[in-house]
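# Understanding the architecture of this molecule
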Amino acid sequence: KTFLHFLAAAAQLSFSTFATCEASVHTKAIAQVTQETGNKRRLQTSDLKTDVENIREEIRTLIRSNRPLAPKFVRLGFHDCVGGCDGCVDMQTEPDNNGLDIPIQALTSIVAKWKNDLISRADIWALSAMVGAEMTQNREEFRMDYVGRIDCEDTGNVCRNANGNVRPCRFDLGDAREMPGSNLLTHELLDFFSHNFGFTPQEVVALMGAHSIGTASRQNSGFDGPAGWDDTNDVLDVDYYRKLIGPGNSLNDLIDAPNWNQETIRNTGDIPDRVQWRRRKTNNVDIIGLNVDIALCRDMSGRTQASGSVSCRFKNNNRCPHAAATIFLAATYRNNQNLFLRDFESVFKKTIINGYEESDLTEVPLSSPSLSPSSSSTDEPTSSSTDEPTGFPSPFPSIKPSISSVPSISSQPSTIPSESHMPSSQCQDNILQHFFFPW
């Protein structure tokens, strides 16, 4: 065990070689505008606690009446915050955002009712993501700590498309954004999140657990995953890691996970063919994994074609090498639901303030306990994952929480009537062909 912990720690330290890119231009711009407009946005906060709790409860009501909205809100929050959270996603020219019209439209009346000088559309989207994550598990209240995000049309900057040309700033357009690809290799996955979010490898592995909720829709993404990534696709839990990591403590044990086989999904129209991994679910329904999921436990470097096709296998003959940078980290979550939820909450809170300093935002007073999950436990799913004893305690301190404390489901893409952020570095040029939250 000591040796394995040493290997995990070494993998964490070695990641410094990947973190070579500077912060994106868009992220820097948001931070600058936030500093310049900070005094204007820091209005009276006496009613802020009540307003946020009311918005939170209205979002919960939406999810109670339409459960698939929960992972859709998680996905919306993530997509909005790649490059900086600004309440705008490109629904006109970016296929990676297919299906986001559903959560956006669901929140339209809440945005119209509650958006003001202190609470932005971006704040409401971020809050919906936290509530969505909260309502897919019944152990933790995922509260939002800050408001003060600036909607793209209010930054005072122009918005640009992928070619750098000026275009309107609005909720369904904004700046072009490059999303993490579904075919990212292990080092590319870690590099993307280090560059765009400043995340450590442990935080990246925790965030990937968002794939434990939701399903993949061919009409949105081209991936064929109606049963999702694990056996409990409506619960944010560790079953995702159990499908990738074998039980036990030795490296051979971790590698000996249930087998996966790669396949190509042939699509028509504007959606390209996709490469995914498939395995049999316990009730004879198949679950899927993308290359970026398999990258948590297998290093496919030098073995992947541009299409995503991989020349090595998950196990047995011609097995892909293990992913030394992440496999031990994923093993720490495999049988520890409480640790996973704690670390997921922490990293997701960092996700939804991407592009801002905490000091430039307004802290939300603590919410009333009456809105915690335990007060309405009948609303929450119950995870089938139990906290089994594990011989793989985390070799590092848990992710440091912020100052105070995913994705679906088949839906038809559509164009939203009028009512995303490009890194300055070119380090992502060869890795962003497909998005990695494809629900």
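Worth saying up front: this structure is predicted, and the values here are computed from it rather than measured.

Attention now goes to the overall build of the protein. When its secondary structure is counted, the protein shows 13 helices and 7 strands. In the protein, which comprises 439 residues, the share counted as buried stands at 59%. Working note: accessible area of the protein is about 16,700 Å², and carbon and sulfur atoms make up 48% of it.

Here the focus is the pattern of salt bridges. Enumeration according to the criterion identifies 28 salt bridges in this entry. Of the charged contacts in the structure, one is a salt bridge between Arg-121 and Asp-151, with a shortest N-O distance of 3.9 Å. With a gap of 30 residues between them, Arg-121 in helix H6 (residues 121-134) and Asp-151 in the loop between strand S1 (146-147) and strand S2 (159-160) connect regions that are remote in the sequence. Asp-151 gets classed as buried once you look at its relative accessible area, which sits at 1%. When salt bridges that share partners are traced, they join Arg-56, Glu-57, Arg-60, Arg-64, Glu-134 and Glu-141 into one network.

The description of two packed helices rests on the angle between their axes and on the distance between the axes. Between helix H5 (residues 101-114) and H6, the shortest axis-to-axis distance is 10 Å and the interhelical angle comes to 130 degrees. Relative to H6, H5 is oriented oblique. Crossing of H5 over H6 shows right-handed handedness. The segment H5 lies against H6, with Ile-104, Leu-107, Ile-110, Val-111 and Trp-114 engaging Arg-121, Ile-124, Trp-125 and Ser-128. Here the residues of the contact of H5 with H6 sort into 7 nonpolar, 1 polar and 1 charged.

Time to look at the confidence of the model for the protein. Across the protein, the average pLDDT comes to 79, with 72% of residues at 70 or higher. Note on residues 13-43: pLDDT is under 50 here. Beyond four places in sequence and across chains, it has 64 contacts. In the model, residues 368-436 has pLDDT below 50 throughout and makes 257 contacts with residues more than four positions away in sequence or in other chains.

Right, let's talk about the environment of Leu-290 for a bit. Here Leu-290 lies in the loop between strand S6 (286-289) and helix H11 (291-294). Sequence separation of Leu-290 and Gln-262 is 28 residues, and the distance between their C-alpha atoms is 9.2 Å.

Moving on to the pairing of S6. By the alternation rule, side chains of S6 split into Asp-286 and Ile-288 and Ile-287 and Gly-289, which are all buried. Pairing analysis gives 4 bridges linking strand S5 (residues 274-280) to S6, with the strands arranged antiparallel. Along S6, the bridge assignment pairs Arg-279 with Ile-287.

All right, on to the sheet that holds S5 then. The 3 strands lie next to each other as S4-S5-S6, forming an open sheet whose pairing is antiparallel. At either margin of the open sheet sits one strand with a lone partner, and together these are strand S4 (261-265) and S6. Ignoring strand direction, the axes of neighbouring strands in this sheet form an average angle of 45 degrees. Bridge analysis of S4 against S5 gives 5 bridges, and the strand direction is antiparallel. Bridging from a neighbouring strand, Glu-263 pairs with Gln-276 of S5.

This next bit is on unusual backbone geometry. The residue Asn-316 is not glycine, and still its phi comes out positive at about 65 degrees. Mapped onto the elements of the fold, Asn-316 is located in the loop between H11 and helix H12 (327-333). You will see that Asn-318, though not glycine, has its phi angle at about 60 degrees, which is positive. Here Asn-318 lies in the loop between H11 and H12.

So, how was this worked out
Residues numbered from 1 in each chain as written. Predicted model: local features only at pLDDT ≥ 70, side-chain atom pairs only at ≥ 80, totals over all residues. Heavy atoms only, no water. Helix = DSSP H or I, 4+ residues; strand = E, 2+ residues; numbered from the N terminus. Buried < 20%, exposed > 50% of the residue type's maximum accessible area, 1.4 Å probe, protein only. Areas by Shrake-Rupley, 256 points an atom, 1.4 Å probe, with all protein chains shown as cover. Salt bridge = Lys/Arg side-chain N within 4 Å of Asp/Glu carboxyl O. Axes fitted to C-alpha atoms, helices over the stretch in contact; angles between N-to-C directions. Parallel < 35°, antiparallel > 145°, perpendicular 65-115°, else oblique. Left-handed = near helix turned anticlockwise from the far one by under 90°. Contact = heavy atoms within 4.5 Å. Nonpolar A, V, L, I, M, F, W, Y, C, P; charged D, E, K, R; others polar. pLDDT = per-residue confidence, 0-100. Pairing = 2+ DSSP bridges.

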